[in-house]
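Letter by letter, the chains look like this.
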Amino acid sequence: MREAPTGGGSPHTRHRNPRRVAGKSTTRERIIQESEAFEPEATRRAAGVTESSRANRGWWDRNADEYQVEHGTFLGDDRFVWGPEGLDELEAGLLGDPAELKGRDVLEIGAGAAQCARWLAAQGARPVALDLSHRQLQHALRIGGSFPLVCADAGALPFADASFDLVCSAYGALPFVADPQLVLREGYRVLRPGGRFVFSVTHPLRWAFPDEPGPEGLTVSASYFDRTPYVEQDEDGGAVYVEHHRTIGDRVRDVVASGFRLVDLVEPEWPSWNTSEWGGWSPLRGGLIPGTAIFVCERD
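Throughout what follows, the structure given in this document is the object of discussion. Note that this is a predicted model, so its numbers are computed, not measured.

1. Notes on the sheet that holds strand β8 (residues 239-243)
Taken together, three strands build an open sheet; the order of strands is β1-β7-β8 and the sheet is antiparallel. At either end of the open sheet lies a strand with only one pairing partner, and these are β1 (41-44) and β8. Between one strand axis and the next, the sheet turns by 20° as a mean value, whatever way the strands run. As defined by bridge partners, β1 adjoins strand β7 (residues 230-233) across four bridges and the pair is classed as antiparallel. Residue pairing across strands places T43 opposite V231, the latter belonging to β7.

2. A few points about the environment of A114
In this structure, A114 sits in the loop between β2 (105-109) and α3 (115-122). Between the alpha carbons of A114 and V128 there is a distance of 9.0 Å; along the sequence they are 14 residues apart. Residue contacts for A114: discarding those within four places in its chain leaves E108, A129, A140, F147 and L149.

3. Examining the environment of K102
With respect to the element layout, K102 can be found in the loop between α2 (89-92) and β2. By relative accessible area, K102 is classed as exposed at 67%. Sequence separation between K102 and Q123 is 21 residues, and the spatial gap between their C-alpha atoms is 5.9 Å. If we ignore the near neighbours within four places in the chain, the residues touching K102 are Q123, G124 and A125.

4. Remarks on the nonpolar core
L107, I109, F159, F197 and F199 are the most contacted members of the largest nonpolar core, which totals 26 residues. Where this core is concerned, the elements lending two or more residues are β2, β3 (126-131), β5 (164-170), α5 (180-190), β6 (191-202) and β10 (292-298). When residues of this core are assigned to their parent elements, the largest contribution, four residues, is made by β6. W82, L95, C168 and I294 belong to the second largest nonpolar core, which has 18 residues in total.

5. Considering the sheet that holds β5
Ordered by their spatial adjacency, seven strands build an open sheet running β4-β3-β2-β5-β6-β10-β9, and the pairing between neighbours is mixed. Both outer strands of the open sheet, β4 (149-151) and β9 (261-266), are each paired with one neighbouring strand and no more. Strand-to-strand twist in this sheet, taken as the mean axis angle between neighbours without regard to direction, amounts to 20°. Two strands pair when backbone bridges link them, and β9 and β10 are joined in this way by five bridges, in the antiparallel orientation. Bridging across to β10, L262 finds its partner in C297. Along the sheet, α3 makes contact with β2, β3 and β5, crossing β3 at roughly 175°. Of the strands in this sheet, β2, β5 and β6 are in contact with α5, which crosses β6 at around 150°.

6. Focus: the packing of helix α1 (residues 49-75) against helix α4 (residues 134-143)
Where α1 meets α4, the closest approach of the two axes is 7 Å, and the angle between their N-to-C directions is 35°. On α4, the residues that touch W60, D61, A64, D65, Y67 and Q68 of α1 are H134, R135, Q136 and H139. The residue makeup of the contact of α1 with α4, split by class, is three nonpolar, four polar and three charged.

7. As for the packing of aromatic side chains
For any pair of aromatic rings, the description consists of the separation of the ring centres together with the inter-plane angle of the planes. Tallying each qualifying case throughout the model produces 16 aromatic pairs. For the ring pair F159 and F164, a centre distance of 5.1 Å and an interplane angle of 90° mean the geometry is edge-to-face. Here F197 and F260 contribute two aromatic rings whose centre-to-centre distance is 5.8 Å and whose plane-to-plane angle is 75°, an arrangement assigned as edge-to-face. Of the two residues, F197 sits in strand β6 while F260 sits in the loop between α6 (248-257) and β9, which places them 63 residues apart along the sequence. Among the residues examined, F197 registers a relative accessible area of 0% and is labelled buried. Each member of the aromatic cluster is reached from another via a ring pair, and the members are W59, W60, Y67, F176, Y230 and Y241. One residue, R79, lies across the ring of F74, its end atom 5.8 Å from the ring centre. Above the ring of Y188, the side-chain terminus of R299 is found at 4.3 Å from the ring centroid.

What counts, and at which threshold
Residues numbered from 1 in each chain as written. Predicted model: local features only at pLDDT ≥ 70, side-chain atom pairs only at ≥ 80, totals over all residues. Heavy atoms only, no water. Pairing = 2+ DSSP bridges. Helix = DSSP H or I, 4+ residues; strand = E, 2+ residues; numbered from the N terminus. Axes fitted to C-alpha atoms, helices over the stretch in contact; angles between N-to-C directions. Contact = heavy atoms within 4.5 Å. Buried < 20%, exposed > 50% of the residue type's maximum accessible area, 1.4 Å probe, protein only. Core = buried A, V, L, I, M, F, W, Y, C linked by side-chain atoms within 4.5 Å. Nonpolar A, V, L, I, M, F, W, Y, C, P; charged D, E, K, R; others polar. Phe/Tyr/Trp six-rings, centres within 6.5 Å; stacked < 30°, edge-to-face > 60°. Lys NZ or Arg CZ within 6 Å of the ring centre and 35° of its normal.

Printed below as a string of structure tokens:
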């Protein structure tokens, strides 16, 4: 249920120390890489807020190096990509006209190596890149930039009310948390009136299909309505990775219950130029069923 190449990809724990970063490198540069010493067992079972956060923080810290090496070329150092299809914010304008981002305060949740935040900074915005994984933020530090990096929990943002004009999250936090309304309510709290929260997640329909890129991934094998989390666990049954499923209706209700007005729901089509395959992501599947859902929400 994982391995989608996006700018983000993790939830977040608490730390209040934004850091300035500088210098330049490349996501293609291989650095010291940690590996899991065991093969986790994949299952479907309940997983709460604390277990999910702890498991995913550990998973992204262990796998950040491999992730950035594998997906660095696709992501670039300073692109804003909403999902594996390659929909670029420069083209989509889901945060608004790129020409009007200058001077805007923007929070990126689940920033990973902060590729999206780096693009925002290039437009003249004032981004803050937040992620649960310290190791992911070390990659952001390695690549460079002139904006704060914050290691914090997306369900308990360490910012004052009405601190930002925009909040964005490309596959960050929302797919990995047991209670997405915690994240959405925090996003609502830190936004100024009229602000926008845009987030992308794996399209809920994908949960009914096997996570395979070929024809075997086109036959329904599970109930779309089964909300049981996908969990990878160690020998003692402790979760080491958790992903949560919400139906489209669930996502819409979460948005509305958190105080937002849903202004758009974008389902990017797979473009002809994208010939890449990652896990269950492929041109074959992408041409037939949606892979990403992007929710554009506004605070009135």
